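Here is how the chains run, residue by residue.
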Amino acid sequence: MNKAIVYIISLLVLLNFSSALQAQNNELLGSYKIVFIGKDKESSKYKAVFSGVKDAAKSLGKEFSIEVEAIEFSPIHTQSEAQSKAIIQSFLKNVDGIILSPSEKENLSSILELTQFYQKEVVFLEQNVDSITPLLTIQSDEFKAGQLIGKAILKKLPTQGRVAILTSSEPSPIFEDRMRGVKSILGYKRIETIVQTKPDYKSALKSIKQAEDEDVNHHIKGWVFLDDWALRGMPDLPWQPNSIPLVTIQSSVTTNLFYDLGYLQSMALHPFHDWGYQASKALIEKLFKKQTPDSTMMMLNPILVNWKNIEASEADWKQWLR
């Protein structure tokens, strides 16, 4: 990473004069570039976010009579130093602003400090990066999301019924907040076991099946998924549809299939499209109008999806992934 930063510094010095001319051109023509960098290019969650980024660029571009190009450099999640490389790539495209959902697996402070040194605006989604003061951070209320699914499962449990909770084996403030939200509703007496898994489809299914096999006295009367890894492929859960209550926090469009098949009763959904729209809006207003958000923090609430609004939610996903 150090070599990459040195390379970028050298390159930017050579491009400094060109960048100055570009800035003048932007001022005259009202032309801007913004980039979105999610954690995983193939994730329907981040595709929905980028849909919001593009919609704001199109809408505000028309409103302000400017040109806004929105591009995506979300990496494939298996790549090493993937977001660092994506940020470097954004330099080469001479973008004016970056919308970033930072990975917990990378140290992004140095490259982002360089970004801000060259006066590129930065908006964070989900969480911050130490030592970086962004234009705006858009956070999801993960504690509330946990509460929503906690209340949903509680309504489906038999008297004194207990649940298993599926969570990530990789520490993260996001999952800690979700867990606190669930526990604030269920309490410890309604939790039979907490199952940790690597955050992928195969690992999640294996962990669930192992927990069910070990539950020889059938104390588990329902499941709470803190993310929908086990629902991102063909149905292979160790129980039949409509036989055991299941709730989840939704990150993937494929989760809708499990609802339609009867495996799933409720899910908490974050407004992914709105994340992207609000982030893009903040950047465009800063770049064109020199307008700074009233607060550097924006909290957007999740909603509970169930039989009352599942059709509207599925229609939203189709629009986001168009």
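As a starting point, this report considers the structure included with it. (Residues numbered from 1 in each chain as written. Predicted model: local features only at pLDDT ≥ 70, side-chain atom pairs only at ≥ 80, totals over all residues. Heavy atoms only, no water.)

1. Focus on the overall build of the chain
Next, step 1: When helices and strands are tallied, the chain shows ten helices and twelve strands.
Next, step 2: The C-alpha radius of gyration of the chain comes to 22 Å, within 12% of the 20 Å expected for a compact globule of 322 residues.
Next, step 3: Seen through its C-alpha atoms, the chain measures out along the principal axes to roughly 70 × 40 × 35 Å.
Next, step 4: A total of 322 residues make up the chain; the buried ones form 52% of that total.
Next, step 5: Partitioning the intrachain contacts of the chain with sequence separation of at least 6 by distance along the chain shows that 70% fall at a separation of at least 24.
Next, step 6: As displayed, the chain offers around 15,900 Å² of accessible surface, 51% of which is attributable to carbon and sulfur atoms.
Next, step 7: Here the chain contributes 36 positive and 37 negative side-chain charges, whose respective centroids are spaced 2 Å apart. (Helix = DSSP H or I, 4+ residues; strand = E, 2+ residues; numbered from the N terminus. Rg over C-alpha atoms; globule rule 2.2 N^0.38 Å. Buried < 20%, exposed > 50% of the residue type's maximum accessible area, 1.4 Å probe, protein only. Contact = heavy atoms within 4.5 Å. Areas by Shrake-Rupley, 256 points an atom, 1.4 Å probe, with all protein chains shown as cover. Lys, Arg positive; Asp, Glu negative; His and termini not counted. Charge placed at Lys NZ, Arg CZ, Asp CG, Glu CD.)

2. Quick word on the sheet that holds strand β2 (residues 67-72)
Two strands in a sheet stick together by hydrogen bonds in their backbones, pointing the same way (parallel) or opposite ways (antiparallel).
Next, step 1: Across the sheet, six strands lie side by side as β2-β1-β3-β4-β5-β11; this open sheet has parallel pairing. The open sheet terminates on both sides in strands that have one partner only, identified here as β2 and β11 (297-300). Sheet twist, expressed as the average angle between the axes of neighbouring strands with direction ignored, equals 15°.
Next, step 2: With six bridges connecting them, strand β1 (residues 31-37) and β2 associate as parallel partners. Within the sheet, the bridge partner assigned to serine 31 lies in β2 and is glutamate 67.
Next, step 3: On the sheet, helix α2 (residues 44-64) packs against β1, β2, β3 (97-100) and β4 (121-125) and is oriented at approximately 170° with respect to β2. (Pairing = 2+ DSSP bridges. Axes fitted to C-alpha atoms, helices over the stretch in contact; angles between N-to-C directions.)

3. Let's talk about the packing of aromatic side chains
Centre distance and the angle of the planes are the two values used to describe a pair of aromatic rings.
Next, step 1: Tallied over the entire structure, the rule returns 13 aromatic pairs.
Next, step 2: Between phenylalanine 91 and tyrosine 118, the ring centres sit 6.5 Å apart and the planes meet at 85°, which makes this aromatic pair edge-to-face. You can see phenylalanine 91 sitting in helix α3 (residues 82-92) and its partner tyrosine 118 sitting in the loop between α4 (109-117) and β4, a full 27 residues away along the chain.
Next, step 3: Judged by relative accessible area, phenylalanine 91 falls into the buried class, the value being 6%.
Next, step 4: With a relative accessible area of 22%, tyrosine 118 lands in the partly exposed category. (Phe/Tyr/Trp six-rings, centres within 6.5 Å; stacked < 30°, edge-to-face > 60°.)

4. Considering the packing of α2 against helix α9 (residues 272-289)
Next, step 1: The contact between α2 and α9 brings their axes to 7 Å, and the two run at 35°. Crossing of α2 over α9 shows right-handed handedness. In contact with Lys45, Ala48, Val49, Ser51, Gly52, Val53, Asp55, Ala56, Ala57, Ser59, Leu60 and Phe64 of α2, α9 contributes Phe272, His273, Trp275, Gly276, Tyr277, Ser280, Lys281, Ile284, Glu285, Phe288 and Lys289. (Left-handed = near helix turned anticlockwise from the far one by under 90°.)

5. Considering the nonpolar core
Next, step 1: Counting 72 residues, the largest nonpolar core has Trp223, Val224, Phe225, Leu237 and Trp239 as the members making the most contacts within it.
Next, step 2: Sort the elements by how many residues they give to this core and α2 lands first, with eight residues.
Next, step 3: Once you skip the residues sitting within four places of it in the chain, valine 224 turns out to touch Ile149, Ile153, Val163, Ala164, Ile165, Leu166, Val182 and Val247.
Next, step 4: With 19 residues, the next largest nonpolar core counts Val95, Ile98, Leu100 and Ile111 among its residues. (Core = buried A, V, L, I, M, F, W, Y, C linked by side-chain atoms within 4.5 Å.)

6. Observations regarding a positive patch on the surface
Next, step 1: Taken together, Lys144, Lys151, Lys155, Lys156 and Lys308 make up a surface patch of like positive charges.
Next, step 2: Residue position: lysine 308 is located in the loop between β12 (303-305) and α10 (310-320).
Next, step 3: Here lysine 308 falls in the exposed class, since its relative accessible area comes to 63%. (Patch = residues over 30% accessible without salt bridge, like charges linked within 9 Å, V, L, I, M, F, W, Y side chains within 5 Å. Salt bridge = Lys/Arg side-chain N within 4 Å of Asp/Glu carboxyl O.)

7. Comments concerning the environment of alanine 70
Next, step 1: Assignment of secondary structure puts alanine 70 in strand β2.
Next, step 2: Excluding residues within four positions of it along the chain, alanine 70 makes contact with Ile34, Phe50, Val53, Lys54 and Ala57.

8. Some words on the sheet that holds strand β7 (residues 191-197)
Next, step 1: Pairing within the open sheet is mixed, and its six strands lie in the order β7-β6-β8-β9-β10-β12. The sheet terminates laterally at β7 and β12, the two strands that pair on one side only. Shown here is a sheet whose adjacent strand axes are inclined to one another by a mean of 20°, direction ignored.
Next, step 2: Strand direction decides the pairing type here: strand β10 (residues 266-269) and β12, joined by three bridges, are antiparallel. Paired with leucine 269 across the strands is isoleucine 303, a residue of β12.
Next, step 3: Of the strands in this sheet, β6 (162-168), β8 (220-225), β9 (246-250), β10 and β12 are in contact with helix α5 (residues 142-156), which crosses β9 at around 165°.

9. Digging into the layout of surface pockets
Next, step 1: Of the volumes computed, that of the largest pocket is approximately 1,100 Å³.
Next, step 2: Elements with a contribution of two residues or more to the lining of the largest pocket: α2, α3 and α6 (173-186).
Next, step 3: A class-by-class count of the residues in the lining of the largest pocket yields eleven nonpolar, twelve polar and 15 charged. (1 Å grid on protein atoms, 1.4 Å probe; cavity = no way out; pocket = protein on both sides within 12 Å on 5 of 7 lines; lining within 4 Å. Points joined across faces, edges and corners; volume = space filled by probe spheres on them. Nonpolar A, V, L, I, M, F, W, Y, C, P; charged D, E, K, R; others polar.)

10. Details of the pairing of β7
Next, step 1: Two strands pair when backbone bridges link them, and β6 and β7 are joined in this way by six bridges, in the parallel orientation. If you follow serine 168 over to β7, its bridge partner there is threonine 197.
Next, step 2: Crossover connection from β6 via α6 to parallel β7: handedness right-handed. (Right-handed = clockwise from strand over helix to strand, strands pointing away.)

11. Structural notes on the side chain of serine 207
Next, step 1: Turning to its location among the elements, serine 207 is positioned in helix α7 (residues 201-214).
Next, step 2: In terms of polar contacts, serine 207 uses its side chain to reach the side chain of threonine 197, at 3.4 Å.
Next, step 3: Beyond its immediate chain neighbours, meaning those up to four positions away, serine 207 contacts Leu166, Val195, Gln196 and Thr197. (Polar contact = N/O pair within 3.5 Å; in protein donor to acceptor, adjacent residues only side chain to side chain.)

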